[in-house]
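Coordinates in review
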Amino acid sequence: MKSVYIAGRSGTSGLLLHEMLQKREDIRLLAPEVQGRDALDRETELLNTADVAILCLPSAAGKKALSRITNPTIRVIDTSTTHSVADGWVYGLPELKHGQREAISQARRVSGPGCFATGFILALRPLVDGGLVDPAAPICVQGIGGYSAGGKRMVEWYEQPKGDTAPFAQVFGLNLDHAQVPEMQRYTGLQRPPLFVPWVGNFRRGMLVSIPLHRDWLKPGASPASVREVLRERYAGERLVSIKTRGGLTGSITLSNPLGVGVELYVEGNDDHLLLMARLDNLGKGSAIAAIQNMNLLLECSEYAGIEEQF
Ligand SMILES: NC(=O)c1ccc[n+]([C@@H]2O[C@H](COP(=O)([O-])OP(=O)(O)OC[C@H]3O[C@@H](n4cnc5c(N)ncnc54)[C@H](OP(=O)(O)O)[C@@H]3O)[C@@H](O)[C@H]2O)c1
């Protein structure tokens, strides 16, 4: 039976991944009681034993863990942004383009997509590919995510009793150099980096990414309905990407439970300008679910094994 080791199991992504993989009977999860920095030798041994090692670590710790993998047969999924555009790494977004699943399944090194980047790329790439959006456009994007996107320290900080002093929302990408920008540019095919303004909100999970598109960047005639159709066609048959229309009492796009297992894409706006939106769970398709898809592809399991129960 194939074995899997999660480095960073005590973290926000690692915990959820561990919880989901623990239920699998077709893989052996190597999960000693003590691991990580408290048991480095043991961790090194497991990193060099597992068929697939999944690194759920901050960037610097992930690089160190990777340097401890000396067995060339180990296949690695790194959930950090370190290798998102690195040579020799395959981008772990199976829905990216035709052939991506096959590329992942053959890879030795897979880079897990960033949570905001997942929504951004899935919404925009088909429009750039299809000539509907000018790849030279100076795209701007905003995203708001729940505080679990900031890892366990941020979760602890928000969940400590604070009275009403915890902020409702914070903008944190003030230097406009968020670590997910390079993958956002590379995998949409944009000619220049998008300007990305990330926010964190006072809620645990969930994420909305919004991309307003000025008519000057659009192919003449592109309307919300026609672009929705392009996305529907592109993602027909995909189980984790769906195209939605706004609804509810206010006709708005809301972020509330249930968040769903995959990414929901919306195309709004008017006959001039368009608004693309993506809605997802940062810890789900934005992290653990993507890692499971990648792991399944590497191990030649059904891509949705361990995820299907959540549909
Ligand atoms: N959270 C999300 O929504 C999300 C989404 C997509 C991708 N990611 C990426 O996934 C990775 C993990 O994120 P996370 O949110 O799960 O982080 P997290 O909650 O902060 O957890 C980090 C994990 O790494 C361990 N760790 C931290 N520093 C370490 C060090 N110097 N040496 C060894 N272990 C160390 C922690 O162990 P201790 O418990 O001992 O501190 C913990 O197990 C990050 O690269 C992040 O960018 C996160």
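Reading guide: rules and limits
- Residues numbered from 1 in each chain as written.
- Predicted model: local features only at pLDDT ≥ 70, side-chain atom pairs only at ≥ 80, totals over all residues.
- Heavy atoms only, no water.
- Bend = angle between axes of the 7 residues up to and from the residue.
- Helix = DSSP H or I, 4+ residues; strand = E, 2+ residues; numbered from the N terminus.
- Buried < 20%, exposed > 50% of the residue type's maximum accessible area, 1.4 Å probe, protein only.
- Salt bridge = Lys/Arg side-chain N within 4 Å of Asp/Glu carboxyl O.
- Domains from an automatic or database assignment.
- Contact = heavy atoms within 4.5 Å.
- Buried area = accessible area lost by both parts, 1.4 Å probe.
- Nonpolar A, V, L, I, M, F, W, Y, C, P; charged D, E, K, R; others polar.
- Pairing = 2+ DSSP bridges.
- Axes fitted to C-alpha atoms, helices over the stretch in contact; angles between N-to-C directions.

**Quick notes on helix H9 (residues 284-298)**
The sharpest bend along H9 measures roughly 35° and falls at Ala-290. Within H9, 15 of the 15 residues are buried, leaving the element largely enclosed by the surrounding structure. At the exit of H9 stands Glu-300, carrying a positive phi of roughly 60°.

**Digging into the pattern of salt bridges**
For side chains bearing opposite charge, pairing can occur when the charged atoms are close. Counting across every chain of the model gives 14 salt bridges. Its salt-bridge partner being Arg-68, residue Glu-43 comes within 3.5 Å of it at the nearest N-O pair. Taken as a pair, Glu-43 in helix H2 (residues 40-47) and Arg-68 in the loop between helix H3 (59-67) and strand S4 (75-78) lie far apart in primary sequence, 25 residues in all. Taken together, the shared-partner salt bridges connect Arg-101, Glu-238 and Glu-303 into one network.

**Structural notes on unusual backbone geometry**
For the bond from Asn-257 to Pro-258, the omega torsion is -5°, close enough to zero to count as cis. Looking at where Pro-258 falls in the secondary structure, it is placed in the loop between strand S11 (241-244) and strand S12 (263-269). Phi is positive for Leu-176, close to 55°, though the residue is something other than glycine. Along the chain, Leu-176 falls in the loop between strand S8 (169-171) and helix H7 (181-188). Non-glycine residue Glu-300 carries a positive phi angle of around 60°. Mapped onto the fold, Glu-300 is located in the segment after H9. According to the relative accessible area criterion, Glu-300 is exposed, its value standing at 75%.

**Considerations on the domain arrangement of the chain**
Taken as a whole, the chain is organised into domain 1 (3-112 + 286-310) and domain 2 (115-280). One C-alpha centre belongs to domain 1, the other to domain 2, and the line joining them spans 25 Å. Contacts between the two partners involve 21 residues from domain 1 and, on the opposite side, 25 residues from domain 2. Of the roughly 2000 Å² buried between domain 1 and domain 2, counting both surfaces, carbon and sulfur atoms make up 59%. Remark: the boundary between domain 1 and domain 2 carries two salt bridges. Taken together, the elements giving at least two residues each to the side of domain 1 that touches domain 2 come down to helix H1 (12-22) and H9. The greatest single-element share of the side of domain 1 that touches domain 2, amounting to three residues, is contributed by H9. Per-class residue counts for the side of domain 1 that touches domain 2 are eight nonpolar, nine polar and four charged.

**With respect to the sheet that holds strand S3 (residues 52-55)**
Strand order across the open sheet formed by six strands is S2-S1-S3-S4-S6-S5, with parallel pairing between neighbours. Edge positions in the sheet fall to strand S2 (28-30) and strand S5 (90-91), since each of these pairs with one other strand and no more. Inspection of the sheet shows strand S1 (residues 3-7) paired to S3 by four bridges, in the parallel sense. The residue of S3 that forms the bridge with Ala-7 is Leu-55. Those strands touched by H1 are S1, S2 and S3, and its axis lies near 160° from that of S1. Contacting S1, S3, S4 and strand S6 (109-111), H9 runs over the sheet at an angle of about 165° to S4.

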